[in-house]
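Given next are the chains, with one letter for each unit.
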Amino acid sequence: MSDLKCKLLIIGAGPGGYVCAIRAGQLGIDTIVVDEGKPGGTCLNVGCIPSKALIHAAEEFHRIAQAPQGPLGIRCGAPEIDFAKTVAWKDGIVQRLNSGVAALMKKAGVRFVEGRARFLDGKTVAVNGSGQVIQAQYIVIASGSAPVELPDLPFGGPILSSTGAMELTQVPDSLAVVGGGYIGLELGTAFAKLGTKVTVVEAEERILPLYDAELTRPVSARLKALGVAVKTGTRARGYENGRLQTSQGDVAAEKVLVTVGRRPRTAGIGIEELALTQDGPFVKTDSHCQSSMRGIYAIGDVTGEPMLAHRAMAQGEMVAEYIAGHAVQWDKRAIPAVCFTDPEVVACGALPGEAEGTAATLFPLQANGRALTAEREDGFLRVIWRQSDHAVVGLQAVGAGVSELSAAFALAIEMGACLEDIGATIHAHPTQSEALQEACLRALGQALHI
Ligand code: FAD
Ligand code: NAD
């Protein structure tokens, strides 16, 4: 195959890489993307999308199973699940989106090369697989991340990474989840709803230690109600004869899901030869996502936390525009984060106590009509506001379905809204979003429904 030249070469077609490519193509930049896997990266193939499909299937199954015991007067028999069909449905969604991403890149005039990329120098990359060498004026590293492996629990057999969990073809009888963070709790909750006996083993003193105890309490309560055993302050030590050994005793587990974080995918790309400055294991970048070497950029998980698909996408878009000569930089005020547990958790901007001169005001979903009519009054919405000028600097919520409030939260903070702006905005009734308005009114001493 002949060697290729382009203006922009992107390593990785995950949310960061493919969005960067599409925007670059739209802006008339001659762009090539190299990926050794299918377009969409971790998020589309083994992350956000398949996990949310499993979460949805589990929720539907659980809802039907619980309906006869509920207050709605619904009568039905015990449901059964044909998990092979569920998995085929999930895989179908992934395939549909794979084709969609490939088509969008093609439509933008982007060339896709399949294979593993490795830097030869700061302007040249060799591709294993196609055997091609590609020369580019600019290169974006969007190689993402991979699951962290624990030395005592190497992946393989019953020890699963999140990717392995996504490939299960049967619902396990018992599952030990090592790491009570985003992935462990999202998938652990889903399997619990499908009937698996789940035990979560978390090293810190509480689950989702990134957030405060008030915000995560409703999630802990629901896990308990679902029969999930949570062992905090506990470390996994190894696995033998169907039992996970931990610092607090053994746990019977047909499978063990290890979700203790993700590491950047920098090995084997030749980054070490370029001597790029690193920030710990991550590629260090400036406010244009440019690395220490001019013309080489890095976006998404390879640059560190928060490892979120929408952050990678926004960085990809910004870099494409910067390379096209637009006056842009990474100056986002807030990146919303959603944990798709049950109830869901949304956080955007400052948490309580994080920003000086701020106060926190909470509005419980018990006082929200929509939450009551959906049988889910567990949770609340919380606003963090600056006492000097009432600027809203943080918003959090925990509750069933609150993920959809993330857009309103990010918009409020990005637009510099103050309590009075949100308090004076008409929020449709009956919706959960009224809790946002009410929390702001409450902070002003003007709450109507509490
Ligand atoms: P990736 O998506 O990791 O893509 C990197 C791509 O680079 C891959 O396709 C890889 O094949 C390719 N690549 C790497 N090295 C090379 C090389 N040398 N040559 C060629 N190609 C290479 N985030 C959310 O925001 N919301 C969620 O709900 C969510 N759920 C998740 C659930 C799970 C189970 C997991 C694991 C992650 C989840 N995430 C979620 C995180 C999200 O998937 C990542 O933040 C996101 O995928 C990062 O995008 P990226 O473009 O930086 O990298
Ligand atoms: P995480 O950082 O969310 O959670 C890891 C947890 O494991 C932490 O609570 C940590 O204290 C614990 N831990 C670490 N070592 C341990 C040990 N030896 N024994 C027991 N517990 C241990 O990591 P994750 O769940 O693997 O997710 C990785 C990344 O993927 C996250 O940072 C997140 O950004 C992203 N993600 C996002 C979403 C979403 O946006 N909804 C969903 C899944 C993943």
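Residues numbered from 1 in each chain as written. Chains lettered and ligands numbered in written order. Predicted model: local features only at pLDDT ≥ 70, side-chain atom pairs only at ≥ 80, totals over all residues. Heavy atoms only, no water.

K.L.:
What is the right way to read the nonpolar core from this model?
P.N.:
Taken as a class, soluble globular proteins show a tendency for nonpolar side chains to be buried jointly. Within the largest apolar cluster, 37 residues are counted, with the highest numbers of intra-cluster contacts made by Phe191, Val198, Tyr211, Val228, Leu257 and Val345. Ignoring sequence-local partners within four residues, the contact set of Tyr211 consists of Tyr182, Arg206, Thr216, Ala337, Val345, Ala347 and Leu351. Within the second largest apolar cluster, 28 residues are counted, among which are Val346, Ala359, Leu381 and Ala410. (Core = buried A, V, L, I, M, F, W, Y, C linked by side-chain atoms within 4.5 Å. Buried < 20%, exposed > 50% of the residue type's maximum accessible area, 1.4 Å probe, protein only. Contact = heavy atoms within 4.5 Å.)

K.L.:
Please clarify how the environment of Tyr322 should be interpreted in this entry.
P.N.:
Position of Tyr322 among the secondary structure elements: in helix 9 (residues 309-323). Put simply, Tyr322 and His288 are 34 residues apart on the chain and 7.4 Å apart in space, counted from C-alpha to C-alpha. Here Tyr322 is in contact with His288, Tyr297 and Val328, once residues within four sequence places are set aside. (Helix = DSSP H or I, 4+ residues; strand = E, 2+ residues; numbered from the N terminus.)

K.L.:
When you look at the sheet that holds strand 11 (residues 229-231) in this model, what are you seeing that I'm missing?
P.N.:
For sheets, the rule is that strands pair by backbone hydrogen bonds, running either parallel or antiparallel. As summarised here, the arrangement of the five strands in space is 8-15-9-10-11, forming an open sheet in which the pairing is parallel. For this open sheet the edge positions go to strand 8 (159-160) and strand 11, each flanked by a neighbour on one side alone. Of the pairings in the sheet, the one linking strand 9 (residues 174-178) to strand 10 (residues 197-201) comprises five bridges and is parallel in character. Bridged to Val178 within strand 10 is Val201. Running over the sheet, helix 6 (residues 182-193) touches strand 9, strand 10 and strand 15 (255-258) and is turned about 160° from strand 10. (Pairing = 2+ DSSP bridges. Axes fitted to C-alpha atoms, helices over the stretch in contact; angles between N-to-C directions.)

K.L.:
Looking at this model, I keep getting lost on the site of ligand 1. Mind explaining?
P.N.:
Lining the immediate environment of ligand 1, one finds 38 residues, of which Asp35, Thr42, Lys52, Ala117 and Ala309 sit closest. One of the backbone nitrogen or oxygen atoms of Cys43 is found 3.3 Å away from an oxygen atom of ligand 1. Between ligand 1 and Ala309, the relevant distance is 2.8 Å, taken from an oxygen atom to a main-chain nitrogen or oxygen of the residue. When isolated, ligand 1 has an accessible area of 1,000 Å², and the protein chains bury 94% of it. Elements that contribute at least two residues to the shell around ligand 1 include exactly helix 1 (15-26), strand 2 (31-35), helix 2 (41-46), helix 3 (48-66), strand 4 (116-121), helix 5 (162-166) and helix 9. Ranked by residue count, the leading element in the shell around ligand 1 is helix 2, at four residues. In terms of residue class, the shell around ligand 1 is made up of 17 nonpolar, 14 polar and seven charged. (Near = heavy atom within 4 Å. Polar contact = N/O pair within 3.5 Å; in protein donor to acceptor, adjacent residues only side chain to side chain. Areas by Shrake-Rupley, 256 points an atom, 1.4 Å probe, with all protein chains shown as cover. Nonpolar A, V, L, I, M, F, W, Y, C, P; charged D, E, K, R; others polar.)

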